[in-house]
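Observations on the three-dimensional arrangement
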Amino acid sequence: MALSLLPVSSPTFPLHHPPSSLYHHHPHRTKLQALVFRKFSLGKERVRGGFMGKKGGGFLWVSPSSSSSLSVCWASNGGGGDLGRDNYEEDDEAGDESEADDDGDEYDEEISGSASVLPERWDVLGLGQAMVDFSGMVDDDFLERLGLEKGTRKLVNHEERGRVLRAMDGCSYKAAAGGSLSNSLVALARLGGKPIGGPALNVAMTGSVGSDPLGGFYRAKLRRANVAFCSEPIKDGTTGTVIVLTTPDAQRAMLAYQGTSSTINYDPCLVNLISKTNIFIVEGYLFELPDTIRTITKACEVAHRSGALVAVTASDVTCIERHYDDFWEIVGNYADIVFANSDEARAFCHFSSKESPESTTRYLSHFVPLVSVTDGARGSYIGVKGEAVYIPPSPCVPVDTCGAGDAYASGILYGILRGVSDLKGMGALAARIAATVVGQQGTRLSVRHASELAESFAYRIKSSTVGSDISSDHISSL
C-alpha cells in the first residue's frame with residue numbers, strides 16, 4: 001500500500017465518537033505546504049558531555065543523599081568536584097574519540113545546530129518532557145519491597161524519589177538524557193546523521209530543564225547525540241527525572257519526578273523554531289502537566305500556519321484517560337500523525353480490551369491521516385484512510401522493552417522524511433529499529449546500529465518527497 005493521505009470517508013462503525021468539538025472545522029486548518037528537505041552547512045564544533053561510567057580518566061556518578069536530593073559529581077584522576085555547567089563544555093578530551101559512552105554508542109560525528117551555527121530549517125522539532133533517566137535491573141522482590149507494580153508509570157514527589165534511589169544504593173544503574181520523545185529524536189538523528197538516501201537531518205527538541213547539574217547533563221547529552229536542545233535552562237529550577245526499574249522478564253516500572261519539566265512556556269523563541277520546522281511532534285506526557293494544553297494548542301496552530309506536519313505521541317493509557325478531551329482537542333484539530341500502542345489506541349477510541357489493534361487502527365485513521373499502532377511481539381499496524389496495513393515483528397531476543405515504541409516512531413519519521421511511499425517498507429524499518437533496541441539494555445539506538453539500518457534501507461528511498469500528497473484539509477472531522 002502506498003502512502004497517499006487523501007480524503008477519507010466517514011467511519012462505518014462509529015462505536016464511540018470523539019468530543020463534540022471535533023465536529024467543527026478548525027479555522028487554522030490550511031493545506032500543508034510541500035515539505036522541502038535540504039542539507040545545510042553545519043558547524044564542526046564538538047560539545048563534550050557528561051555521562052555515567054568511566055570516560056576520559058574519570059567517573060561521573062549520581063547518588064542520593066540523606067536529604068533525598070541528588071548529588072551529581074565528577075571525579076577525575078586529579079580530584080573531584082561538582083559537575084557544573086562549565087564542566088560539560090570543557091570536559092577532558094582524552095579518550096573521548098575512541099571510547100563508547102554510557103549508552104554503548106560512539107561519539108556522534110557532527111552537531112546538528114551548535115550553539116553558534118544553527119540550520120536554516122529543522123526537519124523535526126520535538127516539544128516534550130526533558131527528564132534524566134536512571135535505569136537499572138532489579139528483581140521482583142525489589143519491586144515488592146517498595147510496593148511497585150510491573151508495567152506501571154507513577155508520578156512521585158521529591159521525597160519518594162529519594163526513597164527509591166536510596167533503596168537502589170549498591171545496585172548497578174546508569175543515567176541518560178531520557179524521556180520518551182528524546183529517545184525517538186536521538187534515534188532519528190542517528191539514522192539521519194549521514195547523507196544516506198538524502199541529506200543529513202536536522203533534529204531539535206524544546207522543553208524545560210533546570211540550571212542544576214542534571215539540567216546541564218541533559219542538554220550536553222542531547223547535543224552530543226546530534227539533537228539540538230533549544231530551550232534555555234530555568235534559573236534555580238530542578239530538572240525532572242524518571243527511574244526505570246527493569247526486571248529479568250524485560251518488564252519495567254517507572255517513577256517520574258517532574259520538577260522543572262512541568263513548566264512549558266509559549267514564547268517568541270518557540271514560535272520562531274516551529275515556523276522553521278517540517279515536522280513538529282508533541283509528547284503525550286505533556287498533557288499531564290498543568291497549564292500546558294494552552295501552550296500545545298498555540299504551538300500546533302503555529303505549526304499548521306507554517307505548513308508543518310503535526311505528530312502526537314499517546315505516551316500512556318492513564319494519561320489519555322485522565323486528559324481525554326484535551327488529547328482529542330489536539331488530535332482531532334491538528335494531528336497529521338499519531339503514535340500509540342494497542343492499549344493507548346483503544347483508550348483513544350474508548351474501545352474495550354477485546355477490540356483488535358487492527359480495527360482500532362482502522363477507526364483512528366478516519367480522524368488522522370497516518371496512524372501508527374504497535375502491538376508488542378505481535379507486530380504493528382499503520383493506518384491510512386480507514387485501512388490498516390499489518391507489519392510483522394522483527395525477530396529478536398528481548399532484553400529490555402523500554403523504549404521500543406519510541407524507536408519504532410523514529411523509523412516512521414525517518415521514512416517520511418526520506419520520501420518513502422511504501423507503508424510496508426517503512427513499517428519494516430521501524431520494526432527492525434524497535435527490535436534492535438529491545439534486544440539490548442537501554443533505550444537508545446546506537447550510532448553503529450543506526451548507520452547499518454539506514455544503509456540497508458537506502459535502496460527503498462525514492463527521489464520524490466512525501467510532502468506533495470499530504471494535505472491537512474483532508475482530515476475527516478465527521
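Whatever comes next refers back to the structure up there.
Structural notes, computed from the coordinates. Since this is a predicted model, take the numbers as computed values, not measurements. (Residues numbered from 1 in each chain as written. Predicted model: local features only at pLDDT ≥ 70, side-chain atom pairs only at ≥ 80, totals over all residues. Heavy atoms only, no water.)

1. Observations concerning the overall build of the protein
Secondary structure assignment for the protein yields 14 helices and 18 strands. Put simply, 77% of the contacts in the protein that link residues at least 6 apart link residues at least 24 apart. Total accessible area computed for the protein in this model is approximately 18,400 Å², and 50% of it derives from carbon and sulfur atoms. (Helix = DSSP H or I, 4+ residues; strand = E, 2+ residues; numbered from the N terminus. Contact = heavy atoms within 4.5 Å. Areas by Shrake-Rupley, 256 points an atom, 1.4 Å probe, with all protein chains shown as cover.)

2. Description of the packing of aromatic side chains
Tallying each qualifying case throughout the model produces 9 aromatic pairs. Both rings, one in Phe351 and one in Tyr363, keep their centres 5.2 Å apart while their planes meet at 50°; by these two values the pair is tilted. Remark: Tyr363 occurs in helix α11 (residues 357-364) and Phe351 occurs in the loop between α10 (342-349) and α11; sequence separation between them is 12 residues. Plain terms: the ring middles of Tyr363 and Phe367 are 5.2 Å apart, the flat faces sit at 65° to each other, and that makes the pair edge-to-face. There is no split in this pair, since Tyr363 and Phe367 are both buried. Chaining the aromatic ring pairs together yields one cluster made of Phe287, Phe327, Trp328, Phe348, Phe351, Tyr363 and Phe367. (Phe/Tyr/Trp six-rings, centres within 6.5 Å; stacked < 30°, edge-to-face > 60°. Buried < 20%, exposed > 50% of the residue type's maximum accessible area, 1.4 Å probe, protein only.)

3. Section: the nonpolar core
Proteins that are soluble and globular tend to have nonpolar side chains buried together. One finds Tyr218, Leu245 and Ile412 to be the most contacted residues of the largest nonpolar core, which totals 73 residues. Excluding residues that lie within four positions of it along the chain, Leu245 makes contacts with Gly136, Val138, Phe142, Leu143, Leu148, Val164, Met168, Gln251, Arg252, Ala253 and Leu255. In this structure, Leu289, Ala314, Tyr334 and Ala340 belong to the second largest nonpolar core, which totals 46 residues. (Core = buried A, V, L, I, M, F, W, Y, C linked by side-chain atoms within 4.5 Å.)

4. Things to note about the pairing of strand β9 (residues 203-206)
Of the two faces of β9, the one lined by Val203 and Met205 and the one lined by Ala204 and Thr206 are each fully buried. Summarising the sheet, strand β5 (residues 122-127) and β9 pair through 4 bridges and their orientation is parallel. Counted as the bridge partner of Leu127 is Thr206 from β9. Bridging between β9 and strand β10 (residues 227-229) involves 3 bridges; their strand directions are parallel. Bridge pairing in β10 places Ala204 opposite Ala228. (Pairing = 2+ DSSP bridges.)

5. Examining helix α4 (residues 180-191)
Here α4 spans 17 Å end to end across 12 residues, near enough to the 16 Å set by a 1.5 Å rise per residue. The buried fraction of α4 amounts to 12 of the 12 residues, a majority that puts the element mostly inside the structure. Taken together, the buried positions of α4 are occupied by Ser180, Leu181, Ser182, Asn183, Ser184, Leu185, Val186, Ala187, Leu188, Ala189, Arg190 and Leu191. (Expected span 1.5 Å × (residues − 1).)

6. Overview of the packing of helix α13 (residues 423-438) against helix α14 (residues 447-457)
The geometry of α13 relative to α14 is characterised by a closest axis approach of 11 Å and an angle of 160° between their N-to-C directions. In terms of their interaxial angle, α13 and α14 are classed as roughly antiparallel. Between α13 and α14 lies a crossing of right-handed hand. The segment α13 lies against α14, with Gly425, Met426, Leu429, Arg432, Ile433 and Thr436 engaging His449, Leu453, Ser456 and Phe457. Grouping the constituent residues of the contact of α13 with α14 by class yields 5 nonpolar, 4 polar and 1 charged. (Axes fitted to C-alpha atoms, helices over the stretch in contact; angles between N-to-C directions. Parallel < 35°, antiparallel > 145°, perpendicular 65-115°, else oblique. Left-handed = near helix turned anticlockwise from the far one by under 90°. Nonpolar A, V, L, I, M, F, W, Y, C, P; charged D, E, K, R; others polar.)

7. As for the sheet that holds strand β13 (residues 277-282)
Strand order in the open sheet formed by 9 strands is β10-β9-β5-β13-β14-β15-β16-β17-β18, and the pairing between neighbours is mixed. For this open sheet the edge positions go to β10 and β18 (387-391), each flanked by a neighbour on one side alone. On average, adjacent strands in this sheet sit at an angle of 20° to one another, irrespective of strand direction. Bridging between strand β16 (residues 370-374) and strand β17 (residues 380-384) involves 4 bridges; their strand directions are antiparallel. Directly across from Val373, in β17, lies its bridge partner Tyr381. Taken strand by strand, helix α5 (residues 213-224) contacts β9 and β10, and its axis lies near 150° from that of β10.

8. Structural notes on the sheet that holds strand β12 (residues 252-257)
Read from one edge to the other, the open sheet built from 5 strands follows the order β7-β12-β11-β6-β8, with strand pairing classed as mixed. Either end of the sheet is taken by a strand with one partner, and the two such strands are β7 (153-155) and β8 (173-178). Strand-to-strand twist in this sheet, taken as the mean axis angle between neighbours without regard to direction, amounts to 20°. With 3 bridges joining them, β7 and β12 adopt parallel strand pairing. Bridging from a neighbouring strand, Arg153 pairs with Met254 of β12. Here helix α3 (residues 158-167) sits on the sheet in contact with β6 (131-137), β7, β8, β11 (240-246) and β12, set at roughly 40° to β11. In this fold α5 packs onto β6, β8 and β11, with an angle of close to 70° to the strand it touches most, β8.

9. Structural notes on the environment of Arg448
Along the polypeptide, Arg448 turns up in helix α14. In sequence terms Arg448 and Arg190 are 258 residues apart; their C-alpha atoms lie 8.8 Å from each other.

10. Overview of the pattern of salt bridges
Counted by the stated rule, this structure contains 9 salt bridges. The salt bridge partner of Lys154 is Glu160, with a shortest N-O separation of 3.7 Å. The salt bridge partner of Arg448 is Glu452, with a shortest N-O separation of 3.6 Å. Of the two residues, Arg448 and Glu452 both sit in helix α14, 4 residues apart, roughly one turn of that helix. Under the relative-accessibility criterion, Glu452 is labelled partly exposed at 42%. Taken together, the salt bridges that share partners define one network made up of Asp140, Lys150 and Asp249. (Salt bridge = Lys/Arg side-chain N within 4 Å of Asp/Glu carboxyl O.)

11. A few points about the pairing of β13
Among the 6 residues that make up β13, 6 are buried, leaving the element largely enclosed by the rest of the structure. In this structure, β5 lies alongside β13, joined through 5 bridges in parallel fashion. What sits directly across from Leu125, in β13, is Phe280. Bridge analysis of β13 against strand β14 (residues 309-313) gives 4 bridges, and the strand direction is parallel. When the sheet's bridge partners are listed, Val282 is paired in β14 with Val312. The parallel pair β13 and β14 is bridged by helix α7 (residues 292-305), and the resulting crossover is right-handed. (Right-handed = clockwise from strand over helix to strand, strands pointing away.)

Bear in mind that shape data such as this cannot, by itself, settle questions of function.
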